[in-house]
Each structure stands twice: as structure tokens, then as C-alpha cells.
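Per-entry structural report
If you want the building blocks of each chain, they are given just below.
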Amino acid sequence: MSARAAAQRRGSAPVAAMRLSPQPGEVIDRSRELSFSWNGVEYPAYHGDTIISALAAAGERVFSRSLKYHRPRGLLTAGFHDPGCMVQVGDEPNVRGAHRLVSGGMTVGSQNTWPSLRFDAKGVNRLAGRYLTAGFYYKTFMQPRALWPAYEGVLRRFVNAGSVSPDTAPGRPEQRYAHPDVLVAGGGPAGMAAAVAAARAGAHVMLVEEDHQLGGHLRWGGEAGLAALGELAAQVAAEPGIEVLTDAVVLGRYDGNWIAVLERGPGRPAAGAAAPGDSAGPVAAGPVAAGPVAASPVVASTERLVKARAKTLVVAPGLIERPYVFAGNDLPGVMLSTAVRRLINLYAVKPGERAVVLTANADGDAAVADLKRAGVDIVRVEDARLGGDVVAASGRGGVRAVEVADGTRILCDLLVTAVGWTAPTALLNASGDRPVYSARAARFFPDLARLSDDVLVTGGIAGDGGLAELTQHATAIGTEAARRTARIARARSLACPASAAAAASAAGTVGAVAAASSAEPGPVAIPGLPVDAHPELFAGRTHGMVDFSEDVSSKDLLGAVAEGYDSVELAKRFTTATMGPLQGKLETINAVAIVASATGQSIAETGTTTWRPPYAPVTLGALAGPAHQPVRYSPMQPWHEAHGAAPLVAGAWIRPDRYGDPAAEARNVRERVGIIDVTPIGKLDLRGADVPRLLNLLYVNKWSKLEIGRVRYGVMCAEDGVVLDDGVTGRLGAEHYLMSTTSSGAATIWEWAENWLQTEHPDWQVHVTPVTTAYASINVAGPRSRDLIERVTEGVDSTNEAFPYMHVRTGRIAGVDDCVLWRIGFTGELSYELHVPAGYGLHVWETLLERGADLGAAPFGVEAQRILRLEKGHLIVGQDTDGLTRAFSAGLDWAIKLDKDDFAGKPELAWQLAGGVGQRLVGLQPADGSVVPEEASQIIDDGRIAGRITSSRMSPALGRSVCLALVDGRFAEPGTVLTVRLPSGRRIEAMVTPQLAHVDPDGGRMRV
Amino acid sequence: MQASANGHRPGRGRTRYPARYSAFGLLRRGLVQQEWPPAWRSQPMKDRYDVVIVGGGVHGLAAAYYLAANHGITDVAVLEQGYLGSGGSGRNTAILRSNYLTPEGVRFYDRSIKLYQRLAADLDFNVMFSQRGHLTLAHSDASLRTMRWRAEVNKIEGVDSDVIGPAEVKRLVPFLDVSAAARYPVLGALWHPPGGIIRHDAVVWGYARGASARGVHLHQNTEVTGIDVADGRVRGVRTSRGDIATRVVLNATAGWSTLISDMAGVAMPVQTFPLQAAVTEPVKPFLSTVVVSGTLHVYVSQTDRGELVFGASVDPFTSYSTRGSLEFIEGLAGHVLELMPALTKVRVLRQWSGLCDMTPDFSPIMGRTPVDGFLTDVGWGTYGFKAGPVAGEAMAECIASGRTPEIIAAFGLARFADGALVGEKGAAAVGH
Amino acid sequence: MILLPCAWCGPRDAAEFQHVGEVVTRPDPRTATPAQWRAYLYLRANPRGWTVETWYHRMGCRRFFKVERHTETNEVRPVTAAEVPGAAAAGVAGPAGAAGPAGMAGTAGTAGTAGPAGAAGAAGAAGTAGASG
């Protein structure tokens, strides 16, 4: 009877009935008691307890229900990857209860249980189990089709997981970059020894251990183990070159030894904090072993991603103990030998009362000793090396009896298995490794020959042997890892053409390099590690669970193979074995062995599956890190905000869309004068003798004869003739030009120009400087704009004669020198575009409004500008053109000069002209001027699409709707009446106008 | 043309399946503890086939299936270098939709959706097509315009799509941050009810089972090492398991399509980019639609197992590597949290990569080539899985009739030399 | 993340760069036939193995440079002009987001600004291709 059951009878709180007297290596701090709630009941715990160790101490055995059959599940590995120990902590789902430390007041609940963990209604699935075989859903729920959503609803109800709340507070923890010479993955004896050796060889080392303390299996290795650990821990602590990360895991090794490390919370140790149980032995000697248990107060659960560019990676993760497959192997009370040893030695928890042990190795034997010491009654030891075996375990809520090889049925509440190991080769897979199977050792080993130069392997994953042999091997590996760092660093920089050339040319450098390489010590001799014989024990005589998180049994796998899913990958996908939260850590090798037995192939032939990163699950928050989503504002932004501008997100820019009524803003421009902030317009400063050649190449029109003081509109195409960008370029001096581009094209066109200059015409004398944000840009537009300009400028004669349309001047505006004035306009009105040094942008903006108050000067936003430019028929690249619109289709015939020798896209445009223009951009006016067809409304010609509206607005100037449209050439003739299908489905008629401009087609207003 | 008009006709050329799948069958076999027979047979490789299909993914298997089912052509071999569905078919994010931009694109994918809807019945294999609706978010007025463009073309082609506002979006996906304060505010979305997700492996297995039942030979672990061409026509195929004489070869590969086409001497305007995806640990179902953000380059759906499946756009540079990158999951996580900040504590379980053959106009390259008897069904970029059934159906018809079916007329290789690219690129450069 | 050997800045994370693509030679626009020109626009060798390609150090020195990269292992090694076919050309068929190789990827959008902001230019692309979910 569990302590809790007893407690409930007594009506009092649960007590830690299974807690043992103090153990030498325990990591709990008995002086610091806590309590937390489990499914609504308060439980006692000590600092250092994991959620599950505390529950186990109170006699709890069932922590979750399985996916399909809702079988009760308990402790299996007592480590991070314990499949039965996933719990919900507050709003955090899928917490690893056998790893997460208890904190005071923690609210913990079981997952996937309904109505309760104790009585789970879905448990009836166990009866249905016979036909809920793997892949059953592929064979049913097919008819009638209409019912599938209902079936699906049922399937979804069985989701085995925690829940996420929409109110979860956003969390984007900081990330960290690190540049260790050597990164050691695994803080067991081998990892520690390798780190020490590398540090002694002068390397900066990052030592990463997934558990809360360094030491690996030494921590539960009894007095001898603890003594050895104490020595190693002291050596690690003595090396300032080693940074230790505990409760951290290497998630993945990516190209270039770019390594992701996850530091876990809660309560990463405060530097130098001492761990409780310091008194308990050398484990906790110094900061090295300071476990999270020390951190106080415990911080909220957080994870932090460390991105390390390591020169060499030493993989020393140790081995993962493998479960044994037999009937009832998933019952609470069936545990791995490491699980019981961890429970007893680290948490002082008695795993059970009466135990049967199946052992095939020394660790199993050691577990027997630990159990005896803990006062567990060992009722039977089955030694696999002598033909011992376990046939089946039975019981309801947990193990009650075990049938062994000779058929005897033994009553017990604990069954411990020690049948072998799995090598976690995840990090090696990403380095080119394909593990090879050793029948002698009954496990896979890395294929060292295929490993890249910057990855080394040591510890149990590489071989067996005693502690002395392992540390000797690890020491050699650590030294070699450090030795290789210099060469790898040199190779990385020498890969750079310049440095390579430099190295080649400068004899001195070559000498230095040569010297360096000759001075470099030769490779370190790596001693071999023995490979111990181990019986091949995977699946026993009865069928049992292979994948505990997915409820996939050996029977399911055999069935899959029989159905033709006869490779590991197919069987895996069909049964979903290894697809769950464990990602194969416990189950892959058993699955491989079972598939092999079914196909009659050897395990080696069958091969194993590829481990994919991350090695351990990682929160989206940790991966994302802080949001770096910069936005760009003009210097006038404070004014815009102060005056209620509605923001418009335009790529990286936030712009004023409107201050009030856009139509009124537009009217003010037509009748008086308006100013708009056009700072985002791309601006490139071009200098050099060959600028005209560059312009002639980038633009479709001619630039050779642009006089100083002149401005010209230009269109750029890509090499496929598709319109890429447009803008104006003005000539400020003999060899000095200022180019403007579209706002979103600014970066693209800069790169475009550099591309041509650097790769096609490196001989041209042109220097390009982006000055987009060096200037604040303001367009002053409207019939009264000249009056306003005259009031604020000095040194510029702005009469029409002195400063005509399409000219540029430089001068002083509102007392600000070095301003550029362009007499151009997007609105169709008399207008000036001012580019003033950015720092004075706000000043000039406010001056314009102040000095122009009596002229009616008022700001207008992007929306008003769009209305005005549409009235004028100016196209917007990317809105009135698309990714296939060649220049002739955009109605730019007048600009395209095919008699130029060359320009980007010229051949395609020549062929377009010869082959018929195809689509055409036209002006369009709905017959009913009160209807504004939504942009993207389609133009229909007897049922077929013949074009679309690209731009549409109600024109304040004309009091009717006006549009631009891309239509089949057949319909481009002025006067053609087209049918437009509105989103509502309603169809209206619209007529093609004589030209794109709806207002002032001959452009008189701009030239006054 | 009959075939493509009626699609697959179960009556025609149907052979009995080894064992009919049904709930009753499950129950009976469950009770008597009897195993199911193989879903497909494995035969020795012959030295001659009428048709050899390179690629044992959904495209190749569908083509084989429809060759047999619609045209009675059963002397067909499907060659797969790994296991069935080991390429793009098993690595995609299993999202189906037909809300494309061009009429030809919409018609094509709509046909695919219609075939998918009846696939379970046709194949007697539950492919679990869940038409839960597909939502493409617009974060700028430019992308909202593009959504409207797609919606209007869809409507005219009879496909159910429309633009909806932020409130409606929030109702469909309560976890979305639709506040104006968001860095990428949700201005609206393209809502496409017929879209959804499917069990991708099941589609592969269902077609394999159906093709095998009709006599098609499936050869796994068989790598094509060469293609024999003489006098401008295909003569045979060389494989890691021996040579095959044939007059028709269909290149239905993804990731390796240029390598295979090069063997036949046919140059393809294709570049191979990795496309990465990731899946989280299961959490209780909270997301019932597919959510896509073009601006943030991310798409999200939740499987019936509770996992969140994430996809993105292709990697920033060409590669044949499927090792994956850290930047990918970092960026992905950031973008997901921009959309659904509450998912910060959900854990990524696994990331993986597939290879995508990108063409200049985001459209496939289908049909015949300058080499007689060498056909292609390639260039599937990031959208190949959606098209599996219709591509298989059309390529089968193309092989059987020797004519190019209307439904793929726009996707011929010649369009590049002619400078007549498909308009799906139209949206590709719609800027601002 | 792979390290790229920028000729001017030294080894840097690939994230700082724009992949321009395989080195291609621009035909003479005065004499090119449609076939030649469109081969230049659209056809790439797309080898599985070593290839010479152009990268642009967008977040660094803003220089275009060539490097030889193995498309399966992503190892890189320097190239000298001698080793480069059509040494001068680096593939100007189109800037990011336009007709060029970068455009083919449907990912680059408006180059220059990283991440979603920059990708906004390709919003449409993402709608159909970039994120084809």
C-alpha cells in the first residue's frame, strides 16, 4: 500500500516513507525542507530532490498514463529522459519530472489522465489493445468520408501531453555566444579528464554536463567512485581554463563546429555557490560541482541557448542503459539498474521492498549491492550471463509478480534490469559518422574513420575498460583536441583568398606559417580502449513495450515488418516507434534488433536510424532569444506622432499614412501646398568619371548627356527585362551624381550597382555611397510650393526660368547648408523635393509649416500621396508591375532606348518589342464613378481573366474613381470597355483612358 | 483526355487487394491474432520494363498507380534509391491547398485536392486528409493586396478562398497576436477552407500498395547510375542492381532531378536548396487550422498527435546537405513567437531537412523533353507534395497517350527558352 | 553555421553574407541569341560537389567575392582567378528578389535588410513559394 494511500486513510498528508538514511553521495539537503503539490495534494521534499524523487520517497509509483492504452507508468530511468515521468508544472507542459528540481510551492500535475491518475477511464483501451495495433488508423475510419472529422476528434482527444495556456507570459531569454577552443560534451569521468588534459595543454575549455552535477556514473559508484570523482572534480576546479556548465546539454553540432548548448533552469547555480551535501563528500567540492540545488532563491524556469564556435569538439556522453523487452516491462516497479542506483545514492530513496534483478553486467551486480544496502529484500537474481532471464512481469497498478527463466513466479514489487547499453551517437551523426554494430559488445560504436578532423570521441561511447583506462584515453583525446585547435584556427583564416595570398607572397609569413607548423607537436598517441563482451539482450521470450512514450510493442514492430514495412525507417514511420519525446534514446536499438530478427538480417545489416538535432528538447523561447526586429524612423517621426499620424508599416520603415482625412490632404496639395516626409526614398551618392556609363547600364534610358544641374527620371530592369526599380538621378557636379530609388529598393539597388561594378566592370571609376538616412527628405508640393521655397531657401533662385522643372540645385534651406533641391514631383503638381542633412530634418520640417502657415502649408501622408500619384498616373513598381512585367508592358516605351549598346535586360526588351508586348498597363475609369473597384479586382473577358486592377482610389480632384490596370494587349486601346469583377462578385464596366494620367495629362501644372 | 476528366476510375483494371482494410477486419484479426499480409509485394528486378519511373516518392508512385489504374499499363518499375517515401514525400509538412495565384496553378492544384479527397476510398488506405482550413496572414498592405489577388483568381476558378479581417482571424486562431502593437501586425488573411493537412507517409504507402496490387514492381534501395540515350531517344537505365532496357523513363525525383536529367543529357533550370522543418513535443490540441505567414516565412499546423509542425522557406544558399542548421530553428522559433507569443515554453523535439528543386518561376517542369522517351516531373520546389496525385495522373496520361495533357500545358520545359514563364512568379516580386 | 572566408574580412558566419550563386558568364547582349541569353538567366550546373560561386558580404565589407564550396559537405576553399571559369563574371542576372538565382530561391526578397523586414519584398513570393504551406 502506497504511503499516499495510507495517508489518505489516515486523512493526513503524505510522508516520505521510502526515504533512506543519509547516503554518502546524496544531493539532497536535508536541512532545507520544501513542500509542493502533486495533483492537488501537498508533498514533502528536500532541496535537491527532483519532482519524481520526492514523489517516490513518498511511495508514489504511478506518474503518468501511456499514449494509446493508458497503462499506468512509473519510474524507468530516474533521469531526464524517463518516459513515464513527464508532468505539467504550472503553465509549462511536458516537464521532465525525474530531472526538474522541486521548488517550494511548485504546482505539479499528471498529464494524460482522465478523470484521474488513479482511475483513468481511457484505461479501457487496454481491452481494445488487441485491435489497436500499430497503424490501425490507416485501415479504418475511411467510410463514410463525411465522418472523418468526427473520428479525428476522437483521435485528438487521446493526445498524450501537457497543455499550453494562451495566457503564458511571453519569454525571450537572452542568448550567449562562446568561443571555446575545445568543447567537451559530457561531464562524466572521461569528459572531466579530457577537459583537464585540454586545459593543461593551454586550451580554453567548455565542459557541458546534462545532469545537475559533474561525475556521471561515479556519483552512484559507491565510496570508490566518489573518491575518484573528488579527485577529478578537484583537478577540474584547479584549471581556470575550464568553464563548467551543469544542467546543460549539447543540443547539436552543426557545420563548422557551430555548437548549440542549452543551459537549463530553474536556478542555474550562482557562481561559486556551494552545493548542499558539500559535507556529504567530494562530489560537491568547489564551484565545479555546485548544482542548481544550491541556487537560492530558485528562479523561474528558464533556458538559455549558448552558441559556441568550438575549434574541436570532444564527444563524451557516456552510455544510455537500455530497457529489456518482455510482457509487462512497462509496469511501474520495473526499473533500470541505473535508476535504482540513482534513487538510492543520489536521492536516498528506497525503490521498493522486494526485488527481482536481471543482470547481464557489472552495473547490474552493483545495483544488487546497492539494493541490499538500502534494505531491499532481494528475492531473486537472474544472471543473464548464466542463462538467467525474465519472462514476464504482472500486476495492475505496478509489479506484483515476475516469471523468470525456469518458470517460477516470484512475488515482488520491484524488477530491476541491467541488459546493456545504447551509445548516443547523435552529435557524431552530424559529423559524418555512421555507427557500426559490435555483436561482441551488443552495441553500436562510432566509425572513427568517418569523423571530421574537428570531432573526437572518448568515454563509454568509444569503448569499455576500467576507470584508469578511460581517464587515460580521455586524457590523450583531450590533449589531442587541444593540439588540433591551432591548425584548425589557421586553416579557417588561410581559407581566405587575401590571407592565403598574403601568406604566399610575404616570405616572412610563409616562414612564420611553416615555423608554426613545424613547431607544432605531432599527433598524440591515443591508447585503444578494450571492448568487453556483453550478451546480446534486446527482446525476451514475450512481447513487451519497445517505445514507452508511443506505446509501441515488439508485436507492433513484427506486424509492421510482416506488412512490408521491412526496413527500420519504414517500420519506425509505420509504428511511430522512436518518434516520441525520447527520440529513440531508449528504444532505437531494441527496435533495430526486433526488425532484424523479423527480416532475418543481422543488426549490422539492418543498421540504425539517424539521430536528428536537437539531442534534447528545447523551448521555442530559448531558441528564439530576444526579438531583434528593428524598425526605421525618419528624423521627423516625433512630430508625426505628436500630430496623430496613423502609422504605416512599409518594410523596415514606419511612415505616416495619414494625419486626418487623406482626401482633404490631397486637395490641399492640388489647391495650396502640402509637405510629405519621403525620407525612406533610397538615395545613392555616385562619384567618378564613369558614373554615366553605370547609369547607362542600369537604366533603360540614356544618360550620357545629362548636364550639371539636370535631373532625369529613369527605369531599371533586371536582366530578364522585368521592371526592377525607378527613380530620378541628378547631376550635382562634373563627376558627382545623386540617385534616388524606391524606398524598398534602396538596399537592392545599391547591391545591384555594386554587383555590376565589382564583377562586370571593375575597371570603371565609380564610387557608390548609400546616403538614404544621411538626408531627411521632404517633398513640397502644390501651386504655392514655389512661394514657400522662396521664403526658406537662400542662394537658390527658384524662379521657373532659373530653376525649371527637372532641375537640381544645392543651397541653404532654413539656415541649413548643403541641402539638395530637386524640382520633380510624384504628385503632378509644381513641387520640390528637399534633401537636407538628417540632423536638421525636423527643424526644416517645422520651419516649412511655420513659414507656410498663411499659404495653407499642411502635411500629407502616404495615402494622400498614393491618391495624387494615381490621379497623375505614375506607376508604383511592385504594385502596378509584378515579377513578370517587362518594361514595355509598364507603358515605358518612351524611356526605353534600344539603340544603346547595352543595358541590363536589353535583349529581353528587344525581343519583347519584336514578339508583341503582351500585357499593358492602362488607365481605367469605371462607368459608375462612385464605385471604387478594390485593388486586385479581376478583369473578365467571357469568363476568362484578362487582367486586374493594380491601383484604385476615389479621386478628390475628379470626384470619381480612377484606376490603373494591367490588361491583355488586346484590351489596351483607349476607349475599350472592360468588365471588372468586384470581390463581391458583382460585375461593373470600366473604360480604358487615353493615357495613364487622369489629371493634367499634358503636365502643365508641374511646369509652371 | 477521358482519364483526366474522370480521374481514376476504381472499376477499371482493378485487382483485388491482398486484404480489404476495415474496422471489422481489424477486429477479426485482432481476435484471432492474425497478422495482415504485406501491403506490397517485392519482386526480382526484370531486365526490361515498358516504363521505368525514377523516384519512389508520392509523384513516382502516383504516376505508376495511375498508369496501371487508368491506362492498364502495368509493366512498370519504380526505382527508389532509399526506402519508399524517403525523400521529399516523407520530409514535407503535409499541407494541402489550392489557393494559388494563376488560373493554371489554381486549376492544377484544385484537381489535386479533389483527388486527395477521395484518395482514402480509391486506395482503401486512410490517408487522413483533414480539411481544417488554411490561413495565410497578411502583415502589410502589399501582402494584403496579394491575398486579395489570389482570392479573386481562386473564386473565378471556383476555389473557396476569401480575404478575412483580423477579428475573424483571431476567432479562428485564438493564440495569434493580432494586436496592432505587434511588430508585424495582422492586417488580414487569405482564408482557404479546403486546405488542410494529411498523413504524408500514408499517401506514399497507399499509392505503393495500390500500384503493387496492379502489378507494378517497386524496387527499393536501387540507385540509378546512368541513362542510356541513343539517336535522341531513351534506351535504358543503369542501376546499382543491374541494367534495365526501356523506352520510357520518368524522372520523378526531387533534390536529385538535375543529376538524373544530366544522365539523359537534358539541362534543367533548377537549383537545389535545403528546406528545413521542425516538430515540437505534443501539447493538447489548440490549433485547428493551418497558419502561414509569408512575411515571417513560417507555417504552422498541429497534428492529431498534438505535435506542432513548423516549416519555413528554403535555406539561404544551395546545398545537397540535409544536416540542417541552428540558424533555421532559431529564426523559426522567433517567427513563431512573433505570431503566437504564448508558445514560448513549448519544446522543439526534432528538426530535419529535405531537398527542394527551385525553378525560376516557382512552377514545376512537367512533360516531355528534347530526348524522346525521357519525361520529367520535377522542379517541385516547396510545393511538390500537394501536387502528387494530379502530377501522377497527368504524367500517366502523358506517357499513355503520348500527348501533353491540357492541365500541365503551362509547365513545359520549353517555356524557359521561350521566355514564357509561369505567372506564379508574378507574386514573387510584388514588393513593398 | 558555416564559416565563409571573406577575402577582405577573414572568416565570418555565413549569416553575414548573401549567396549570389554559381559564377556565370554574361553573353554579349549585342549578339546573344535568346537561347544563349536564357541559359545565362536560368540554367545552372547545380552540381553535387565542388562549385565556384559568388557571395556578397552584405553585413560586412560589401564586397563580392568568389569561393569554392562543396555542395554536400559545405566545406569551402579559396579560389584564385586562374581556377575560375569566366573569371570576371559573378552572375548579375538579377539582384535578390528579381530574376537572378537569388530570386529563384524565393527567399531573398529585398536584399540588404535581414530577416522578415527584408523579406517583406517577397511577401507575395512567400505566399506562393517561400512559405508554400
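Residues numbered from 1 in each chain as written. Chains lettered and ligands numbered in written order. Predicted model: local features only at pLDDT ≥ 70, side-chain atom pairs only at ≥ 80, totals over all residues. Heavy atoms only, no water.

**Describing empty space enclosed by the protein**
Defined as follows: Within this scheme a cavity is a closed region of a 1 Å grid, computed over the protein atoms alone, that accommodates a 1.4 Å probe without allowing it to escape, whereas a pocket is open but has protein on both sides within 12 Å along at least five of seven lines; lining residues each have an atom within 4 Å of a point. Grid points are joined across faces, edges and corners, and a volume is the space filled by probe spheres set on the points. Note on conventions: DSSP H or I runs of at least 4 residues are helices, E runs of at least 2 residues are strands, and numbering of each starts at the N terminus. Each residue is assigned to one of three groups, with Ala, Val, Leu, Ile, Met, Phe, Trp, Tyr, Cys and Pro labelled nonpolar, Asp, Glu, Lys and Arg labelled charged, and all others, Gly among them, labelled polar.
Overall, the coordinates contain 15 cavities of 30 Å³ or more when judged by the stated rule. Each pocket or cavity is described by its volume, and for the second largest cavity that value is around 110 Å³. In this structure, the second largest cavity is lined by twelve residues; those nearest its centre are A:Phe80, A:Arg100, A:Arg264, A:Glu303 and B:Arg347. Counting residues per element, the lining of the second largest cavity draws most heavily on strand S6 (residues 92–96) of chain A, at three residues. Grouping the amino acids of the lining of the second largest cavity by side-chain chemistry returns two nonpolar, five polar and five charged.

**Overview of the interface of chain A and chain B**
Applicable threshold: Note on contacts: a residue pair is in contact if any heavy atoms of the two residues lie within 4.5 Å. A simple way to read buried area is as the amount of 1.4 Å-probe accessible surface that goes missing from two parts once joined, with both sides added. Within this document, salt bridges are pairs made up of a side-chain nitrogen of Lys or Arg and a carboxyl oxygen of Asp or Glu, the two lying within 4 Å of each other. Under the rule applied, a polar contact is a pair of N or O atoms within 3.5 Å (in protein, one hydrogen donor and one hydrogen acceptor; residues adjacent in sequence only if both atoms are side-chain atoms).
At the interface, 105 residues of chain A touch 100 residues of chain B. Note on chain A versus chain B: buried area summed over both sides is about 8900 Å², and carbon and sulfur give 56% of it. Across the chain A-chain B interface, the total number found is 14 salt bridges. As a salt-bridge pair, B:Glu152 and A:Arg981 come within 3.2 Å of each other at their nearest N and O atoms. Counting the contacts that link chain A with chain B gives 39 residue pairs in polar contact (both at pLDDT 80 or more). Taken together, the residues of the side of chain A that touches chain B sort by class into 47 nonpolar, 30 polar and 28 charged.

**Quick look at the pattern of salt bridges**
Residue and element names in this part refer to chain A. Where we set the bar: To sort residues, take the accessible area from a 1.4 Å probe on protein chains only and compare it with the maximum for the residue type: under 20% means buried, over 50% means exposed, and anything in between is partly exposed.
Scanning the model with the defined rule gives 93 salt bridges over all chains in all. The partner of Arg443 in a salt bridge is Asp464, and the shortest N-O contact between them spans 3.0 Å. Remark: Asp464 occurs in the loop between strand S27 (455–457) and helix H10 (467–494) and Arg443 occurs in strand S26 (residues 443–445); sequence separation between them is 21 residues. The exposure classification of Arg443 matches that of Asp464, with both residues buried. When the shortest N-O distance is used, the salt bridge between Arg484 and Glu480 registers 2.8 Å. Here Arg484 pairs with Glu480, and both are found in helix H10, just four residues apart, close to one helical turn.

**Description of the pairing of strand S23 (residues 414–418) of chain A**
All names here are of chain A. Which entries qualify depends on this criterion: Strand pairing follows a simple DSSP-based rule, namely that at least 2 bridges must link the two strands.
In terms of residue burial, S23 counts as a mostly covered element, since five of its five residues are buried. Residues Leu414, Val416 and Ala418 line one face of S23 and the alternating positions Leu415 and Thr417 line the opposite face, and both faces are buried. Pairing between strand S17 (residues 334–336) and S23: three bridges, direction parallel. The partner of Met335 across the bridge, within S23, is Val416. Bridge count for strand S18 (residues 354–359) against S23 is five bridges, and the pairing is parallel. Counterpart to Thr359 in the pairing with S23 is Ala418.

**Topic: the confidence of the model for chain C**
Residues and elements named next belong to chain C. To keep things clear, this is the line we draw: What pLDDT reports is the predictor's confidence in each residue, on a scale of 0 through 100.
On average, residues of chain C score 70 in pLDDT, and 59% of them are at 70 or above. Mean pLDDT across the elements of chain C ranges from a minimum in helix H3 (residues 115–119), with 27, to a maximum in helix H1 (residues 34–42), with 96. Counting contacts from residues 81–91, a segment whose pLDDT is below 50, to residues more than four positions away or on other chains yields 28 contacts. With pLDDT under 50 throughout, residues 95–133 is counted as low confidence; its partners more than four residues away or in other chains account for 137 contacts. Both confidence scores are given for the complex: pTM 0.92, ipTM 0.90.

**A few points about the side chain of A:Asp413**
Residues and elements named next belong to chain A. What counts is decided by this rule: In this tally, Lys and Arg are treated as positive and Asp and Glu as negative; His is ignored, and so are the chain termini.
Among the structural elements, Asp413 can be located in the loop between strand S22 (409–411) and S23. Among buried Asp, Glu, Lys and Arg side chains, Asp413 stands out as unpaired, with Arg61 the closest opposite charge at 5.1 Å. Among the polar contacts made by the side chain of Asp413, one reaches the main-chain amide nitrogen of Glu353 at a distance of 3.0 Å. Asp413 has contacts with Arg61, Gly333, Gly352, Glu353, Arg354 and Val399, leaving out every residue within four places of it along the chain.

**A closer look at the sheet that holds strand S19 (residues 374–378) of chain B**
Residues and elements named next belong to chain B. We count it as follows: All axes are obtained by fitting lines to C-alpha atoms, using only the stretch in contact for helices, and the reported angles, taken between N-to-C directions, cover 0 to 180 degrees.
The strand order across the open sheet built from six strands is S8-S2-S1-S12-S19-S18, with neighbouring strands paired in mixed fashion. The strands lining the two open edges of the sheet, one partner per strand, are strand S8 (217–219) and strand S18 (365–368). Ignoring which end each strand starts from, the neighbouring axes of this sheet average 20 degrees apart. The sheet contact formed by strand S1 (residues 51–54) and strand S2 (residues 76–79) spans four bridges and is parallel. Across the sheet, residue Val52 finds its bridge partner in S2, namely Ala77. Of the strands in this sheet, S1, strand S12 (248–251), S18 and S19 are in contact with helix H11 (residues 384–401), which crosses S19 at around 170 degrees.

**Examining the sheet that holds strand S14 (residues 303–309) of chain A**
Residue and element names in this part refer to chain A. Across the sheet, four strands lie side by side as S8-S14-S13-S12; this open sheet has mixed pairing. Each edge of the open sheet is held by one strand with a lone partner, namely strand S8 (176–178) and strand S12 (248–254). Between one strand and the next, the sheet's axes are offset by a mean angle of 25 degrees, whatever the strand orientation. As paired elements, strand S13 (residues 258–264) and S14 share seven bridges and run antiparallel to each other. Considered in S14, the bridge of Ile259 is made with Ala308.

**Considerations on the packing of aromatic side chains**
Going by this rule: Pairing of aromatic side chains here covers Phe, Tyr and the six-membered ring of Trp, requires ring centres within 6.5 Å, and sorts the geometry by plane angle: under 30 degrees stacked, over 60 edge-to-face, intermediate tilted. Should the NZ of a Lys or the CZ of an Arg lie within 6 Å of a ring centre and within 35 degrees of the ring normal, that charge is described as sitting over the ring.
Tallied over the entire structure, the rule returns 39 aromatic pairs over all chains. When the ring of A:Tyr177 is compared with that of A:Trp258, the centres are 6.3 Å apart and the planes differ by 40 degrees; the resulting orientation is tilted. With A:Tyr177 in strand S8 and A:Trp258 in strand S13, the pair connects residues that are 81 residues apart, well separated along the chain. Taking 5.1 Å as the distance between ring centres and 75 degrees as the angle between the ring planes, the aromatic pair formed by B:Tyr65 and B:Tyr66 counts as edge-to-face. For B:Tyr65, a relative accessible area of 0% corresponds to the buried category. Residue B:Tyr66 is classed as buried on the basis of its relative accessible area of 0%. Sitting over the ring of B:Tyr320, C:Arg48 keeps its end group 5.9 Å from the ring centre.

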